[in-house]
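Secondary and tertiary structure notes
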Amino acid sequence: MITDARVPAIQVDNLTVSYGPRPALLDVSVAIEAGTLVGVIGPNGSGKSTLIKAILGFVKRDFGTVKIFGEPVEEARGRLAYVPQRGAVDWDYPVTVEEVAMMGRYGRIPWWSSPSAEDRRIVGESLDIVRMGDFRKRQIGQLSGGQQQRVFMARALAQGADILLLDEPFAGVDAATERALLEVLRQARSAGRTLVVVHHDLATAAETFDRLILLKQRMYGYGPPEAVMHEDLLTAVYEGRLRIFGKLAQPEAKR
Ligand SMILES: Nc1ncnc2c1ncn2[C@@H]1O[C@H](COP(=O)(O)OP(=O)(O)O)[C@@H](O)[C@H]1O
Ligand SMILES: [Mg+2]
């Protein structure tokens, strides 16, 4: 692990990504310090998932660069773990909880070999951290949304990556699970990991994150929540969809 604190964990410069004629992201630049818990906020379709995918190197960039600890993303994929948005996963696929978590180790297991005792220990530990240890042998499709989300978090933890990218991990989970998942994220931060989390709930964004990225195609703000959750900025980004202003503002059109 590079310990030079001057090198950002993630550095995005002048990033533009388009799927069609209109860019999903336009000229986004941001430098994220290692060991930070960052929330990405913005209305539906504002490019939040695209930013996560661009940091992972999953989408083609029209313009701009993404560097991970100073290296081009293409050479640093092993340092990144991803928890996709729930809708993006086929939950009927017949795999157990333990097998899903073990997928986090595959990048480190040679093709001629099977998981070692050490891989199994790490997977067991990761499932315990998210409190899914008792569900090891269950089929993933039989679990509740919150439990599935915790298993995906365990898979990301098992990977041992320095950077975790999570797309709406709290969507469709109950309040108790949200608190438990948040505690897992905070522990990961204490261990020096960097976390970028797409978050749809403005009401809890300020208390949850060290830094916020406010997005709507362009980046409207990046910094401490009190600087980003400003009435002017939120009005510009959420337009008529925001009824109440201030810290407890909630977008009207919530997923
Ligand atoms: N695979 C895709 N093909 C075409 N358009 C896409 C694709 N993914 C996202 N988009 C479009 O890009 C924009 C940003 O999408 P997305 O990053 O998913 O936003 P968010 O996560 O903030 O809801 C939207 O207009 C969306 O319709
Ligand atoms: Mg999204």
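1. Some points on the layout of surface pockets
Taken as a whole, the largest pocket holds about 280 Å³ of empty space. Lining the largest pocket are 14 residues, with R77, L80, A81, Y82 and Q159 sitting closest to its centre. In terms of residue count, strand β6 (residues 80-83) provides more of the lining of the largest pocket than any other element does, 3 residues in total. For the lining of the largest pocket, a count of residues per class yields 7 nonpolar, 4 polar and 3 charged. As a volume, the second largest pocket reaches approximately 170 Å³. As for the second largest pocket, its lining consists of I122, E125, S126, I129, L157, A158, G160, V184, Q187, A188, A191 and R193. Among the elements of the structure, α3 (117-129), α4 (145-158) and α5 (175-190) are those that each provide at least two residues to the lining of the second largest pocket. A total of 4 residues in the lining of the second largest pocket trace back to one element, the largest contributor, which is α3.

2. Some points on the pairing of strand β3 (residues 37-41)
Counting buried residues along β3, 5 of its 5 residues qualify, which places the element largely inside the surrounding structure. The two faces of β3 match: L37, G39 and I41 on one face and V38 and V40 on the other face are all buried. With 4 bridges joining them, β3 and strand β8 (residues 194-198) adopt parallel strand pairing. Bridge assignment links G39 to a residue of β8, and that residue is V197. Note: β3 against strand β9 (residues 211-216), 4 bridges, orientation parallel. Residue G39 lies in a different strand from β9, and its bridge partner there is L212.

Calculation rules
- Residues numbered from 1 in each chain as written.
- Chains lettered and ligands numbered in written order.
- Predicted model: local features only at pLDDT ≥ 70, side-chain atom pairs only at ≥ 80, totals over all residues.
- Heavy atoms only, no water.
- 1 Å grid on protein atoms, 1.4 Å probe; cavity = no way out; pocket = protein on both sides within 12 Å on 5 of 7 lines; lining within 4 Å.
- Points joined across faces, edges and corners; volume = space filled by probe spheres on them.
- Helix = DSSP H or I, 4+ residues; strand = E, 2+ residues; numbered from the N terminus.
- Nonpolar A, V, L, I, M, F, W, Y, C, P; charged D, E, K, R; others polar.
- Buried < 20%, exposed > 50% of the residue type's maximum accessible area, 1.4 Å probe, protein only.
- Pairing = 2+ DSSP bridges.

Geometric descriptors of this kind do not, in isolation, establish any biological role.
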